[in-house]
Amino acid sequence: MTLLTPPPPPIDAEDEEMLVPHADFVPEGPQPMEVAPVEATNAVDAPAVEETPSGRFTWAIPDFSKLNLKKQYSEVFNVGGYKWRVLIFPKGNNVDHLSMYLDVADSTTLPYNWSRYAQFSLSIVNQIHSKFTVRKDTQHQFNSRESDWGFTSFMPLSELYDPGRGYLVNDTCIVEADVAVRRVVDYWSHDSKKETGFVGLKNQGATCYMNSLLQTLYHIPYFRKAVYHMPTTEIDNPSASIPLALQSLFYKLQYCDTSVATKELTKSFGWDTYDSFMQHDVQELNRVLCEKLEDKMKGTVVEGTIQKLFEGHHMNYLECINVDYKSARKESYYDLQLDVKGCKDIYASFDKYVEVERLEGDNKYHAEQYGLQDARKGVLFIDFPPVLQLQLKRFEYDFVRDTMVKINDRYEFPLELDLDRENGKYLSPDADRSVRNLYTLHSVLVHSGGVHGGHYYAYIRPTLSDKWFKFDDERVTKEDMKRALEEQYGGEEELPQTNPGFNNSPFKFTKYSNAYMLVYIRESDKEKIICNVDEKDIAEHLRIRLKKEQEEKELKKKEKAEAHLYTIIKVARDADLVEQIGKEIYFDLVDHDKVRNFRIQKQLSFNTFKEEVAKEFGIPVQLQRFWLWAKRQNHTYRPNRPLTPQEEAQSVGQLREVSNKANNAELKLFLEVAFGVDLRPIPPPEKIKEDILLFFKLYDPLKEELRYVGRLFVKGNSKPMENFEKLNEMAGFAPDEEIELFEEIKYDPHVMCERIDMKLSFRDSQLEDGDIICIQKSSQGQSSEECRYPTVPAFLDYVHNRQMVRFRSLEKAKEDEFSLELSKQNNYDEVVQSVARHLGLEDPSKIRLTPHNCYSQQPKPQPIKYRGAERLTDMLVHYNQISDILYYEVLDIPLPELQGLKTLKIAFHHATKDEVVIHTIRLPKQSTVGDVISDLKTKVELSHPDAELRLLEVFYHKIYKIFPLHEKIENINDQYWTLRAEEIPEEEKNLGALGRLIHVYHFMKDPAQNQVQVQNFGDPFFLAIHEGETLEEVKIRIQKKLRVSDEEFSKWKFAFLSLGRPEYLQDSDIVSSRFQKRDVYGAWEQYLGLEHSDNTPKRSYAANQNRHAYEKPVRIYN
């Protein structure tokens, strides 16, 4: 996860045992623990050190097993002038592990916005063997929201409380805390442009990986110049054109004074918000972006630039030792992936890259005409590119732990890299030896964190001088060479103890910040690559566009700074109502954001503003009458009353305060202008108390149109029927047309539009200034066949509830397939019927819908059940957001029928063939396991017709259950556990009184663990053993069952395992004597273990060894 609070970021220590309390999503790494603060007690002082104040605190806890508090605090100790304490949960914080955190002891009394940054380690001391002390380290920026940080799953309680392990001696537990306080820099006051001459890039959520790469590419001037010279035009849209978006970004980096946004660029990639919040792999993005630019440059003046800069070639060769057979293949590369594990520096990685591999023994090479031959193969370089990009393999797949891990080992890289060393040992015979392959370091991309998240930034020296700069999202700082090189080697950092009162031995921290990608530039090419790039290289239309953007930005900035001196007056007129009603809006009168705005100084008189209006609209000052708008209790917004002469004599600022206390920046007015018969403006009529200003809309049921037709003053004591002639004239009807009137009252949360009684006076109908009347011809005699919405209320209700829904096939969740106009009030049946009708499907019940997650921009995991949502709105709502997307799928059976069935995925293991076939079984939920087996028998190939099957529950390579035939299938879960079906061997059916069935599992020991840690793998199985049978006899049957060669089987070891501890067996041992339990259902904790290496094929990680396990692949869609 990229952390949005910029430096220094909290770093995930790599630990597989950590849990966050009370959370649905459980990230790995150190986590905060929110607890009620407790008053601090004693303090142990440590004098502050100028550079990195550090100290060790030791806490001996007596009677540890008798502690009955959920949480326990240590006494307070002082490091770096700050008060700290250790917080432990002796019985775990809702987990079966000891939970331990470092806490800021005085967090409740510190000033607002306090912050401090510390590296620290927490340890449980092993008092018998110190090498088994459990220590975990991390670093964190402590603040008021995260005043503690540490490890919810520090170590298993079973190990801690085991008296033989050495963590509790005389019931005393010893905790150690090593703390080093780092200086916190004021991030927000830093002016990057002023301090360094460069600006940073804004982080969109998790785009620091992209920012570091873009800064590196930008600071290769030849690359920047080529991007500027890619053809673009003034009509191009940066959000849809990668070249223009990149040109725009580079231009702003070169000429702006503040950090630059990357949204246009990511939009041009075709990314949505979800992509911006998903951290990808920087190496992968580099390849994808360069490939995309290479394609976009084809047929232009800069075609081939990517190849010229980054492309090198190597030769894969193979030669037989005993016969005259050779083969070689030339391949190009844009970057090189170098091993970090087992290599101390870059040269060791290159040595490993060109290392000769011998193909002999079982691994001989099959040469044409010569058959199997001893051979050697390897790689040599034909040429290196001018800009050499080296990707360091900091992330690798650990086959033992079955997970990705980060390699934090120390790995050195030089300022100058000589790839001609040792007489050109890396070069092929075809290489041009006249080219001097001496490189100088240009940039270091750093990953800070663990395998499951972290933060990226870059150290760059733009001109290859001795001046280094750190580009960390928005912040750019000057750095020295040591920080850019040595401190990014990784490994461990040792901090000396400075307090004589503490244990004085130094303590070490793993450095989770280390180099991840290096960019070198060849010395002989640096003059060409570090070239001058100025405005002449930038297309004129781009300069004009970006300067205009910059001017607009500066104007907005100026307006913002001066906003307190001005009032924005929004003036709505009849023309705005005509323009908007029935097109952009249907309810109320106007969208104030789309009317003419005036920015007026507050001290100016209102009459001066009226002169501005006269110039703008051509309405003389004396003919203008302004009305104030008012928000009513039902949330509608209507003209309320005209301004008085006294109010118009005030200043704009005074009037704004009187009119609208809620929003002091704006004043909203309606300009009333009266017109004579010649359509010229005339003075507005005098308004007396009895006059009511009403606004009129006209509805046409046949056209389903609503429009504004004008306003009218009526007498409060008059009746509508007395005004028919005027109203018909306004509507464009004949004077004697029968009409109906409706009052539009409100629209939220539902439409309220009521018929007006023609015989009552306007005042008796409770009408007042600003009210809206809707006119329509009499609806009597109109049938529903003639018009769908015969009355105004029906039409407004339709408009209020109509909803355009975008439908996507669940199989193509990114692509809109079709859109339908529906009503928010549509019930479940009406929605699926509309979808079925569009798809031409006769049976709507075969449609299954899945709602949309507005945050992830993905389908939700659970589909909507049959009639499981009452209305369309229920299908579209996601927390407090309303989506307009639904996913559909067409089922092979009706959804109600499917929901009555239980679907199980079952892996059938063939008895004699080495194959596993996955079968999907659908049966009624009340069915039993016996029914499943009967159904499965009709679909699988059996070794003989009378074979019996059983169903097993397998989890993490162990068998946890044999399902009884009578068990109901409704509650069987195949989402997390594997369901396996297999034939019951004949030998198991005839065990006899003395025979028994035991579990047999494959395992190997985890070399990464200090103590014996067993890792199971492969397919577990049952084995029948007989009384008195030796291991030697059992081994014969196991080898036959598994069909393992003699050579391979001779390497296997056999052990009895109970609760994970192996006890190795000799061939003469009686196996049955170890297995006393006869209950095969609960016997998974005791098993016969087969220890050997895992030779089964693994998932392919070759496509990208460095992609973290949680990531989506990077894609640029446009």
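Not measured: the values here are computed from a predicted model.

Calculation criteria
Residues numbered from 1 in each chain as written. Predicted model: local features only at pLDDT ≥ 70, side-chain atom pairs only at ≥ 80, totals over all residues. Heavy atoms only, no water. Axes fitted to C-alpha atoms, helices over the stretch in contact; angles between N-to-C directions. Helix = DSSP H or I, 4+ residues; strand = E, 2+ residues; numbered from the N terminus. Parallel < 35°, antiparallel > 145°, perpendicular 65-115°, else oblique. Left-handed = near helix turned anticlockwise from the far one by under 90°. Contact = heavy atoms within 4.5 Å. Nonpolar A, V, L, I, M, F, W, Y, C, P; charged D, E, K, R; others polar. Buried < 20%, exposed > 50% of the residue type's maximum accessible area, 1.4 Å probe, protein only. Patch = residues over 30% accessible without salt bridge, like charges linked within 9 Å, V, L, I, M, F, W, Y side chains within 5 Å. Areas by Shrake-Rupley, 256 points an atom, 1.4 Å probe, with all protein chains shown as cover. Salt bridge = Lys/Arg side-chain N within 4 Å of Asp/Glu carboxyl O. Lys, Arg positive; Asp, Glu negative; His and termini not counted. Charge placed at Lys NZ, Arg CZ, Asp CG, Glu CD. pLDDT = per-residue confidence, 0-100. Polar contact = N/O pair within 3.5 Å; in protein donor to acceptor, adjacent residues only side chain to side chain. Core = buried A, V, L, I, M, F, W, Y, C linked by side-chain atoms within 4.5 Å. Pairing = 2+ DSSP bridges. Phe/Tyr/Trp six-rings, centres within 6.5 Å; stacked < 30°, edge-to-face > 60°. Lys NZ or Arg CZ within 6 Å of the ring centre and 35° of its normal.

Peer 1: Give me the packing of helix α4 (residues 221-228) against helix α5 (residues 242-255): which residues, what numbers.
Peer 2: In contact at an axis separation of 9 Å, α4 and α5 are set at 130° when each is read in the N-to-C sense. When the axis of α4 is compared with that of α5, the two are oblique. Helix-helix and strand crossings are classified by hand; for α4 and α5 the assignment is left-handed. Contact residues: α4 offers Phe 223, Arg 224, Val 227 and Tyr 228, while α5 offers Leu 246, Gln 247, Phe 250, Tyr 251 and Gln 254. Here the residues of the contact of α4 with α5 are counted per class, giving 6 nonpolar, 2 polar and 1 charged.

Peer 1: Explain the environment of Gly 424 to me, using residue names and the numbers behind them.
Peer 2: Note on placement: Gly 424 falls in helix α11 (residues 421-424). Residue classification places Gly 424 among the buried residues on the basis of a relative accessible area of 7%. Spatially, the C-alpha atom of Gly 424 lies 9.3 Å from that of Asn 437, the residues being 13 residues apart in sequence.

Peer 1: So what's going on with a negative patch on the surface? Which residues, and what values?
Peer 2: Taken together, the side chains of Asp 191, Glu 195, Asp 257 and Glu 554 present a region of like negative charge at the surface. Relative to the helices and strands, Asp 257 is located in the loop between α5 and α6 (263-268).

Peer 1: If you had to explain the confidence of the model for the protein chain to someone new, which residues and values would you point to?
Peer 2: Mean pLDDT over the protein chain: 83, with 86% of residues reaching 70 or higher. Confidence over residues 1-50 falls short of pLDDT 50; this stretch has 146 contacts with residues more than four positions distant or in other chains.

Peer 1: Before we move on, could you go through the pattern of salt bridges and cite the residues and values that matter?
Peer 2: A complete count under the given rule lists 65 salt bridges for this structure. A salt bridge links Arg 806 to Asp 884; its shortest N-O distance comes to 2.9 Å. Within this pair, whereas Arg 806 is found in strand β40 (residues 802-809), its partner Asp 884 is found in the loop between β46 (881-882) and β47 (885-890), the two being separated by 78 residues in sequence. When its relative accessible area of 26% is taken as the criterion, Arg 806 is described as partly exposed. Of the residues examined, Asp 884 reaches a relative accessible area of 27% and is grouped as partly exposed. Here Arg 980 makes a salt bridge to Glu 982, at a shortest N to O gap of 3.0 Å. Using a relative accessible area of 4% as the deciding quantity, one classes Arg 980 as buried. Its relative accessible area of 10% is what places Glu 982 among the buried residues. One salt-bridge network, in which partners are shared between bridges, spans Asp 588, Arg 632, Arg 638, Glu 768 and Asp 771.

Peer 1: Describe in detail the environment of Tyr 411, supporting the description with residues and values.
Peer 2: Counting through the fold element by element, Tyr 411 comes out in the loop between β19 (403-406) and β20 (416-418). The class of Tyr 411 is buried, set by a relative accessible area of 0%. Apart from residues lying up to four places away in sequence, Tyr 411 is in contact with Leu 338, Asp 339, Val 340, Cys 343, Lys 344, Asp 345, Ile 346, Ser 349, Leu 392, Arg 394 and Tyr 489. At 2.7 Å, the side chain of Tyr 411 and the side chain of Ser 349 are in polar contact.

Peer 1: I'd like a description of the nonpolar core, backed by residues and values.
Peer 2: Ranked by internal contacts, the top residues of the largest apolar core, which has 57 residues, are Phe 223, Phe 250 and Phe 310. Here this core takes 8 residues from α5, the largest share from any one element. Not counting residues up to four positions away in its chain, the partners in contact with Phe 223 are Leu 217, Phe 250, Leu 293, Ile 306, Leu 309 and Phe 310. With 40 residues, the next largest nonpolar core counts Ile 407, Val 446, Tyr 459 and Leu 485 among its residues.

Peer 1: Residue-level account of the pairing of strand β10 (residues 312-320), with values.
Peer 2: Within β10, 8 of the 9 residues are buried, leaving the element largely enclosed by the surrounding structure. Here 8 bridges tie β10 to strand β11 (residues 326-333), and the two strands are oriented antiparallel to one another. Within β11, the position partnered with Met 315 by the bridge is Lys 330. Taking the residues between adjacent antiparallel strands as the criterion, β10 and β11 are bridged by 5 residues.

Peer 1: Describe the packing of aromatic side chains, and please don't skip the residues or the numbers.
Peer 2: Per the counting criterion, the structure on display carries 49 aromatic pairs. Through a chain of ring-to-ring contacts, the aromatic side chains of Tyr 333, Phe 350, Tyr 353, Phe 381, Phe 384 and Tyr 426 assemble into a single cluster. Over the aromatic face of Phe 617 sits the side chain of Arg 573, whose NZ or CZ is 3.9 Å from the ring centroid. Positioned over the ring face of Tyr 1064 is Lys 1053, at 5.9 Å from the centre of the ring.

Peer 1: So what about the sheet that holds strand β7 (residues 134-143)? Which residues, and what values?
Peer 2: Spatial ordering of the open sheet is given by β1-β9-β6-β7, a layout of 4 strands whose pairing is antiparallel. Only two strands of the sheet have a single neighbouring strand rather than two, namely β1 (54-61) and β7. Each adjacent strand pair in this sheet contributes to an overall mean axis angle of 20°, direction not counted. Sheet topology note: the strand β6 (residues 115-124)/β7 ladder contains 10 bridges and is antiparallel. Looking at the pairing, Ser 123 lines up with Arg 135 of β7.

Peer 1: Could you give me a rundown of the pairing of strand β4 (residues 82-89), with the residues and numbers involved?
Peer 2: The element β4 is largely enclosed, with a buried count of 6 among its 8 residues. As paired strands, strand β2 (residues 72-73) and β4 are joined by 2 bridges and run antiparallel to one another. Within the sheet, the bridge partner assigned to Gln 72 lies in β4 and is Ile 88. One ladder, built from 3 bridges, connects strand β3 (residues 77-79) with β4; its direction is antiparallel. Its bridge partner being in β4, Asn 78 is matched across the sheet by Lys 83. Between the end of β3 and the start of β4, which pair antiparallel, lie 2 residues, with Gly 80 showing a positive phi angle near 65°.

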